[in-house]
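# A closer look at the structure
Each chain, written out:
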Amino acid sequence: MTSARYGYGLGWFAIAAMLVDLPSVMAINQCAGSLTMISIRDSFRPVNPTRRVRAVTIAAMAVAVRANAQPVGEERFNAFCGNLAYLLSW
């Protein structure tokens with residue numbers, strides 16, 4: 001009987017740990033995406049990656065993610081992301 005309660009209450013600890021870690025992971029992802037977009041544009045015309053350019057590319061990424069996620073909907077978003085990850089792994 002006690003084995004069913006093993007780890008009882010650790011979910012709150014896991015959520016707290018993720019809430020601390022999630023902003024840093026998201027910042028790294030946004031920075032990487034921003035630098036990728038700047039590098040793509042720099043391939044065609046030299047770009048000086050100022051703070052404003054980085055902020056604009058982060059905003060552009062947010063708009064692009066929202067525009068692509070909106071038609072999918074919340075109920076199918078996980079399946080969409082899984083299919084996208086599978087497609088990108090080819």
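Because the structure is a prediction, the values reported are computed rather than measured.

## Focus: the packing of helix 1 (residues 10–44) against helix 2 (residues 51–69)
Packing of helix 1 against helix 2 brings their axes to within 9 Å, and their N-to-C directions diverge by 105°. As summarised for this structure, helix 1 and helix 2 are arranged roughly perpendicular, according to the angle between their axes. Residues Gln 30, Gly 33, Ser 34, Met 37 and Ile 38 of helix 1 form the contact with helix 2, whose participating residues are Val 53, Arg 54, Thr 57, Ile 58, Ala 60 and Met 61. Its residues assigned to classes, the contact of helix 1 with helix 2 shows six nonpolar, four polar and one charged.

## Remarks on a nonpolar patch on the surface
A cluster of nonpolar residues, Phe 77, Phe 80, Leu 84, Leu 87 and Leu 88, forms a patch on the protein surface that exposes about 470 Å² of accessible area. Here Phe 77 shows up in helix 3 (residues 77–88).

## Describing the confidence of the model for the protein
Residue-level pLDDT values for the protein average 83, and 92% of them are 70 or greater. Mean pLDDT across the secondary structure elements of the protein bottoms out at helix 3, with 84, and peaks at helix 2, with 87.

## Overview of the side chain of Thr 57
Assignment of secondary structure puts Thr 57 in helix 2. For Thr 57, the residues in contact, after removing those within four places along its chain, are Ser 34, Met 37 and Ile 38.

Here is what the cut-offs are and how they apply
Residues numbered from 1 in each chain as written. Predicted model: local features only at pLDDT ≥ 70, side-chain atom pairs only at ≥ 80, totals over all residues. Heavy atoms only, no water. Axes fitted to C-alpha atoms, helices over the stretch in contact; angles between N-to-C directions. Helix = DSSP H or I, 4+ residues; strand = E, 2+ residues; numbered from the N terminus. Parallel < 35°, antiparallel > 145°, perpendicular 65-115°, else oblique. Contact = heavy atoms within 4.5 Å. Nonpolar A, V, L, I, M, F, W, Y, C, P; charged D, E, K, R; others polar. Patch = residues over 30% accessible without salt bridge, like charges linked within 9 Å, V, L, I, M, F, W, Y side chains within 5 Å. Areas by Shrake-Rupley, 256 points an atom, 1.4 Å probe, with all protein chains shown as cover. Salt bridge = Lys/Arg side-chain N within 4 Å of Asp/Glu carboxyl O. pLDDT = per-residue confidence, 0-100.

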